[in-house]
Each structure stands twice: as C-alpha cells, then as structure tokens.
Amino acid sequence: MRPWMCVFCANEFPPGETPPAVCPICDDDRQWLPVSGPSWTRLDETADNVLTARELEPGLIALSLHPSVGIGQRGLLVTTSEGNILWEPPGFVGPSLVDWLDAHGGVAAIASSHPHLVGASVSLSHRYGRVPVFYNDSDRRWVTRPDPVVHFWSDTTDVLGGVRLVQCGGHFPGSAVLHLPAAADGRGALLTGDTVKGVMQPGMVTFMRSYPNMIPLSPRLVCQIVDRLGDLRFDRLYDAFGVVVREGAREVVESSAERYIGWVTDEIVDPDDPHAPS
Ligand SMILES: [Zn+2]
Ligand SMILES: [Zn+2]
C-alpha cells in the first residue's frame, strides 16, 4: 500500500486503508487549510511531473517539478566527496526524479530546514538504501511519517563531506540551515529553507513564524537566528523558493534583522507618522 500524501503540503503519511483525519502541518497557524478541509492522495510512483535540473554552482543543483506539488519548494542536491545530500525534496517519487537521481550518484542523506518541506523524504530514503533523514529533535511532534530512517539531531550536526546542519529556530524551534563551507568559491553558502527567507527586494531577507499568514517573529527569535549564524563562514544564501543572495549574505542577514527588530519594537518609525513615539 502506498503512503498517503496531503495535497496542500505534500508531506507523506503512513500507508493505511484510510487517510488521517487532518494534516497537522496544514492545521496550524503557520500553514493553511482551505474551507473545504483536508485533501489526500496516494504518493504515486508513476506520476509524470516534469523535472528540471539546473546547476546553481559547482556541487549544487536545483530540482524543480512542473507542475509543482504541495508548497512548491525546489529541492536542492548537494554533491560531496562522500555522497549526495538531498535537501528539501518534493512530495514526489515519480520516474523523472528518481531516474535523474539514479543517473547522478543517488542519495546518501536527506535533510530539510523544517517540517513544512520534508516532502517524500522517507519514501526516497527507502528507495536509496534507507539513508538517514535528518529531522530536528525540537520538531519531533511534527513528523508525519515515523520510520526508523528518521534521524533526530539537535544544535548542530555533520551530515556528509564537511556539510553541517545548524539549528537556528524561529519559524519552528528546530528550524535549521545547511552550511556548505566549500560553496561560493570557498567563501561558504547557506541553504536556509524558511529559516531565512528571500524577498522581492535584492539585498533584503526576512524571518517569520508564518509566511502565508504573515505572523512575525519576536525580536528575541530574530536575534537568536543571527546569533546562531554568527560562527558560520558564508557569503551566499539560497532560500527554499529560488531566491539567491549571491554575495554579502552575512551583511544582508544582519542588516535585515536590524531593520526587522527596529520595526517590531518601534525603534524605527515612519518619518511621516504623527503618532510616532519620540
Ligand atoms: Zn498538509
Ligand atoms: Zn515553512
């Protein structure tokens, strides 16, 4: 029997006769459920969504599906001397993806920044010899498909080939980034998922509890994210939906955090605001 998949977030759930009553990921103030309620499908190994693979820089390939599934993140494949890390895979196991992965060295580890973007990690792990699926221990209650391949971690952990997960919190208590020390020509890069999110304006990023519902984070949590990134060497940043800060990413994160905290604490005010505190 094939696993169930929530249509709206494309996270997988255990196989069974009937789907779960509700998707806890979508029934939460960080995500959303339409008024029509939950909708389920079975993870389909014959789905024919078209895969586009694009090298972003040496050792990093973006994997996009058309049509996209669930929340619609693009997966990223990080190649290292010790094997490939699949980051934030879609809720998809069709031939376009697995044939491509087979032809490019398979998968040695799977990880995501947070529970929204786990997709079909467990099914893909089973497909690739039951490789570990890294899942932050602080977010343990959000695991939608419990399985022995789920490897809980906290604080920071080595994945493969010098690539590390670092827990920053914020969007979820276990929200993380993946640090690629050799990326950006050796200056280092972060895969940030929703932990640090790209925005429309170049040179700015943001941090939120909920992006679809626009719920901000407290100044404490934004400071915590910046502090947790403090020890990492990085100059570039890739979020979950295709925004890239190509250089100066640390300055962009720090100046964006300062601006954000200024607005949520009233320390920055609009110059035309007649009611601004003096
Ligand atoms: Zn869902
Ligand atoms: Zn999210």
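Above this text you will find the structure in question.
Here's what I pulled together on the structure shown here.

1. Brief notes about the sheet that holds strand β10 (residues 150–153)
Next, step 1: Spatial ordering of the open sheet is given by β4-β5-β6-β7-β8-β9-β10, a layout of seven strands whose pairing is mixed. Two strands bound the open sheet, and with one partner strand each, they are β4 (50–57) and β10. Pairs of neighbouring strands in the sheet enclose a mean axial angle of 25 degrees, with direction left out of account.
Next, step 2: The pairing of strand β5 (residues 60–66) with strand β6 (residues 75–80) spans four bridges and is antiparallel. Within the sheet, the bridge partner assigned to L60 lies in β6 and is V78.
Next, step 3: Against the sheet, helix α1 (residues 95–103) contacts β4 and β5, and its axis sits at roughly 40 degrees relative to β4.

2. Observations concerning the sheet that holds strand β1 (residues 4–6)
Next, step 1: Across the sheet, three strands lie side by side as β2-β1-β3; this open sheet has antiparallel pairing. Here the strands that pair on one side only, and so sit at the sheet edges, are β2 (12–13) and β3 (40–42).
Next, step 2: With three bridges joining them, β1 and β3 adopt antiparallel strand pairing. Counted as the bridge partner of C6 is W40 from β3.

3. As for unusual backbone geometry
Next, step 1: Here H66 and P67 are connected by a cis peptide whose omega angle stands at -5 degrees.
Next, step 2: Positive phi, close to 60 degrees, is recorded for A10, a residue that is not glycine.
Next, step 3: If you check the backbone angles, M214 has positive phi at about 55 degrees while not being a glycine.
Next, step 4: Relative to the helices and strands, M214 resides in the loop between β17 (208–210) and β18 (215–216).
Next, step 5: Taking the number of C-beta atoms within 10 Å as the measure of exposure, M214 has 8 and is therefore exposed.

Calculation rules
- Residue positions are given per chain, counted from 1 along the sequence in the order it is written.
- The lettering of chains begins at A and the numbering of ligands begins at 1, in the order of writing.
- Whole-chain, interface and lining totals are the exception, using all residues; otherwise, since this is a predicted model, local features are given only for residues with pLDDT of at least 70 and side-chain atom pairs are given and counted only at 80 or more.
- Here, strands pair whenever DSSP counts at least two bridges between them.
- The numbering of helices and of strands both runs from the N terminus, where a helix is a DSSP run of H or I of at least 4 residues and a strand a run of E of at least 2.
- What counts as an axis is a line fitted to C-alpha atoms, over the stretch in contact for a helix, and the angles between N-to-C directions run from 0 to 180 degrees.
- Remark: residues whose backbone-derived C-beta atoms lie within 7 Å of one another are considered to be in contact.
- Partly exposed residues are those whose C-beta has more than 12 but fewer than 20 other C-beta atoms within 10 Å; with 20 or more the residue is buried, with 12 or fewer it is exposed, and the C-beta atoms are placed from the backbone.

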